[in-house]
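Spelled out from the first residue to the last, the chains are:
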Amino acid sequence: MCCCGRLDKIAVNYTFAYRRYSLPFRTPLRTAHGLWTRREGLLARLEREDGGVGFGECAPIPWFGTETVAEATDVCATLGARVSDEQIGEIDAARYPCLRFALGRAKFSAGLAADASQDRAARTEASPYLPVAALVLAGRVAVGKISALADDGFRAFKWKVGAGDMADELALLDDVCAALPQGARLRLDANGAWDRRGAERWLSRCVGYPVEFIEQPVAADAAGAEDLLLGLAADYPVPIALDESVVGAGDVGGWLDLDWPGIYVIKPSLLGDVDDALKRLPKSRTVFSSAIETGVGAKSALNMAFEFFAGTEKPRALGFGVWPLFEDARFDGPRAAPFVRAKDLERLKPEILWNALN
Ligand SMILES: O=C(O)CCC(=O)c1ccccc1C(=O)O
Ligand SMILES: [Mg+2]
């Protein structure tokens, strides 16, 4: 007799373990919040009583408003070596979004491992591959970088702005756009660096350029940020994308309720209870984006992207054109390429990364 329906309702217990990591980048990343030299986070492992094993990654970005690694570690320490579904559900997703994501995904993959009938064949067929945007760093170096990446086949690029002098950066726009291959589009990511007037200068400057959107022009925690962003979106034809403004499923719901007309940049790693948020997001205005995870978090996030876009025509490029990132290449996700295939994810083996942290 089939018992699958009932199994769901029986509380599942797990053996729980976690390992912290601190991984130096090959090249430090310059952000609006200074120089980022190493990625700190933790991997979680859950093993079910029936033998299914799953892994998840907690990769916080505190300047996005998530918990810190230390805070996540404290919660892991209090959980102990045995956890139940109930305990995982009790972790406050608003306070510990990254840890909730880690344990949620570990639980999910442990369940898949335990039930081989739930394969991913159907979803893989619906969307065999997704386009990827290449990340190019701030400043004039972007021009040469885009030309080289165009030769590699990339057609979507994300240029970091808001890192230098505004007049200098505005003056670079022509050269950056001239480097784009035919039909390509440019995303600009200001990471909240501008005030209203700066944002208005950029939004008017970009009219008529092949700009797909401007990401987080003003800070998520600026006074009146919601009204400001809604006003800018209404006043300019260049689409605006929310990134720092949509950390945590609660934020996503809030902006959906406000009928945000622009783009949602979704970093699944920072979203806590991801599934509920994803159900409501408009496919045509959602971009999946990297939180600079290792291959473990990348596998979770990219699997969710494949599921989200299954059957969608012309999905927007993912923002995961970031690897290789780490000095120790074993921790990288799939090397940046114009497309990522669902098949590429099967080659990522979380257990190998877990063992490498031993
Ligand atoms: O996937 C992407 O969009 C690129 C990754 C990226 O830009 C990023 C990476 C780490 C922290 C913040 C950001 C950001 O989008 O602001
Ligand atoms: Mg961003």
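Reading guide: rules and limits
- Residues numbered from 1 in each chain as written.
- Chains lettered and ligands numbered in written order.
- Predicted model: local features only at pLDDT ≥ 70, side-chain atom pairs only at ≥ 80, totals over all residues.
- Heavy atoms only, no water.
- UniProt positions renumbered as here; feature names shortened; annotations may be inferred.
- Helix = DSSP H or I, 4+ residues; strand = E, 2+ residues; numbered from the N terminus.
- Near = heavy atom within 4 Å.
- Polar contact = N/O pair within 3.5 Å; in protein donor to acceptor, adjacent residues only side chain to side chain.
- Areas by Shrake-Rupley, 256 points an atom, 1.4 Å probe, with all protein chains shown as cover.
- Nonpolar A, V, L, I, M, F, W, Y, C, P; charged D, E, K, R; others polar.
- Pairing = 2+ DSSP bridges.
- Axes fitted to C-alpha atoms, helices over the stretch in contact; angles between N-to-C directions.
- Donors = N, O, S within 2.8 Å, 3.2 Å for Na, K, Ca; no water.
- Buried < 20%, exposed > 50% of the residue type's maximum accessible area, 1.4 Å probe, protein only.
- Arc of directions from axis to C-beta.
- Contact = heavy atoms within 4.5 Å.
- Domains from an automatic or database assignment.
- Buried area = accessible area lost by both parts, 1.4 Å probe.
- Salt bridge = Lys/Arg side-chain N within 4 Å of Asp/Glu carboxyl O.
- Core = buried A, V, L, I, M, F, W, Y, C linked by side-chain atoms within 4.5 Å.
- 1 Å grid on protein atoms, 1.4 Å probe; cavity = no way out; pocket = protein on both sides within 12 Å on 5 of 7 lines; lining within 4 Å.

**Observations regarding the UniProt feature "domain: Mandelate racemase/muconate lactonizing enzyme C-terminal" (unreviewed entry) in the chain**
Consideration 1: Taken from the UniProt record, the annotation "domain: Mandelate racemase/muconate lactonizing enzyme C-terminal" (unreviewed entry) applies to residues 139-239.
Consideration 2: In residues 139-239, the share of helix is 45% and the share of strand is 15%. The end C-alpha atoms are 22 Å apart.

**Let's talk about the site of ligand 1**
Consideration 1: The environment of ligand 1 is made up of 17 residues, and the closest members are Lys158, Asn191, Lys267, Ser290 and Gly319.
Consideration 2: In this structure, lysine 158 approaches ligand 1 through a side-chain N or O atom, which is 2.6 Å from an oxygen atom.
Consideration 3: Here an oxygen atom of ligand 1 sits 3.1 Å away from a polar atom, N or O, in the side chain of lysine 160.
Consideration 4: For ligand 1, whose unbound accessible area comes to 380 Å², protein coverage reaches 96%.
Consideration 5: Of all elements in the fold, only strand S6 (156-160) and strand S12 (318-321) reach the threshold of two or more residues within the shell around ligand 1.
Consideration 6: In terms of residue class, the shell around ligand 1 is made up of 7 nonpolar, 4 polar and 6 charged.

**Considering the sheet that holds strand S1 (residues 13-31)**
Consideration 1: Spatially, the 4 strands line up as an open sheet ordered S3-S2-S1-S4, and their pairing is antiparallel. Each of the sheet's edge strands pairs with one partner strand only, and the pair in question is strand S3 (53-58) and strand S4 (82-84). Strand-to-strand twist across the sheet, computed as the mean angle between neighbouring axes with direction ignored, equals 40 degrees.
Consideration 2: Looking at chain direction, S1 and strand S2 (residues 34-48) are connected through 14 bridges and run antiparallel. Bridge pairing links tyrosine 18 to alanine 44 in S2.

**Here we look at the coordination of the magnesium ion (ligand 2)**
Consideration 1: Coordination of the magnesium ion (ligand 2) by the protein is provided by Asp189 (OD), Glu215 (OE) and Asp243 (OD), with metal-donor distances spanning 2.1 to 2.2 Å.
Consideration 2: Read in sequence order, the donor residues for the magnesium ion (ligand 2) give the motif D-x25-E-x27-D. Separated by 28 residues along the polypeptide, glutamate 215 in strand S8 (residues 211-215) and aspartate 243 in the loop between strand S9 (240-242) and helix H10 (249-257) bring together distant segments of the chain. Comparing glutamate 215 with aspartate 243 shows no difference in burial state: the two are buried.

**Notes on helix H6 (residues 141-151)**
Consideration 1: Those residues of H6 that sit buried are Ala142, Val143, Ile146, Leu149 and Ala150. Down the axis of H6, the sector holding all buried residues measures 135 degrees, keeping them to one side. Exposed residues on H6 whose side chains face more than 90 degrees from its buried face are Val141 and Asp151.
Consideration 2: Buried positions along H6 lie against strand S5 (129-136), S6, helix H7 (166-178) and strand S7 (185-189).

**Looking at the domain arrangement of the chain**
Consideration 1: Along its sequence, the chain is organised into domain 1 (4-114) and domain 2 (121-356).
Consideration 2: In this structure, domain 1 and domain 2 have C-alpha centres spaced 23 Å apart.
Consideration 3: Counting residues at the interface gives 30 residues for domain 1, matched by 34 residues for domain 2.
Consideration 4: When domain 1 packs against domain 2, the two sides together hide about 3000 Å² of surface, and 68% of this comes from carbon and sulfur.
Consideration 5: Between arginine 105 and aspartate 275 there is a salt bridge whose closest N-O contact spans 3.4 Å.
Consideration 6: For the pair domain 1 and domain 2, the number of links is 11 residue pairs in polar contact (both at pLDDT 80 or more).
Consideration 7: With 10 residues, S1 is the single largest residue contributor to the side of domain 1 that touches domain 2.
Consideration 8: Across the side of domain 1 that touches domain 2, the residue classes tally to 20 nonpolar, 2 polar and 8 charged.

**Side note on the nonpolar core**
Consideration 1: Ranked by size, the top nonpolar core spans 112 residues in total, and within it Leu99, Phe157, Trp159, Leu186, Trp202 and Leu318 carry the most contacts.
Consideration 2: Ranked by the residues each element gives to this core, the list is headed by helix H12 (residues 295-309), at 9 residues.
Consideration 3: In this structure, this core is formed jointly by two domains, domain 1 (4-114) and domain 2 (121-356), each of which donates at least three residues.
Consideration 4: Sequence-distant contacts of leucine 186, defined by excluding residues within four places in its chain, comprise Ile146, Phe157, Trp159, Leu173, Val176, Cys177, Leu180, Pro210, Val211, Glu212 and Phe213.

**Some thoughts on the UniProt feature "active site" (unreviewed entry) in the chain**
Consideration 1: When the UniProt feature table is mapped to this numbering, "active site" (unreviewed entry) covers Lys160 and Lys267. Cross-referencing the annotated residues with the second largest cavity identifies Lys267 as lining it.
Consideration 2: Relative to the helices and strands, lysine 160 resides in strand S6.
Consideration 3: Ignoring sequence-local partners within four residues, the contact set of lysine 160 consists of Leu135, Val136, Leu137, Ala138, Gly139, Asp189 and Asn191.
Consideration 4: In this structure the side chain of lysine 160 is engaged in a polar contact, spanning 2.9 Å, whose partner is the side chain of aspartate 189.
Consideration 5: Judged by its relative accessible area of 7%, lysine 267 falls in the buried class.
Consideration 6: Ignoring sequence-local partners within four residues, the contact set of lysine 267 consists of Phe64, Asp243, Ser289, Ser290 and Ala291.

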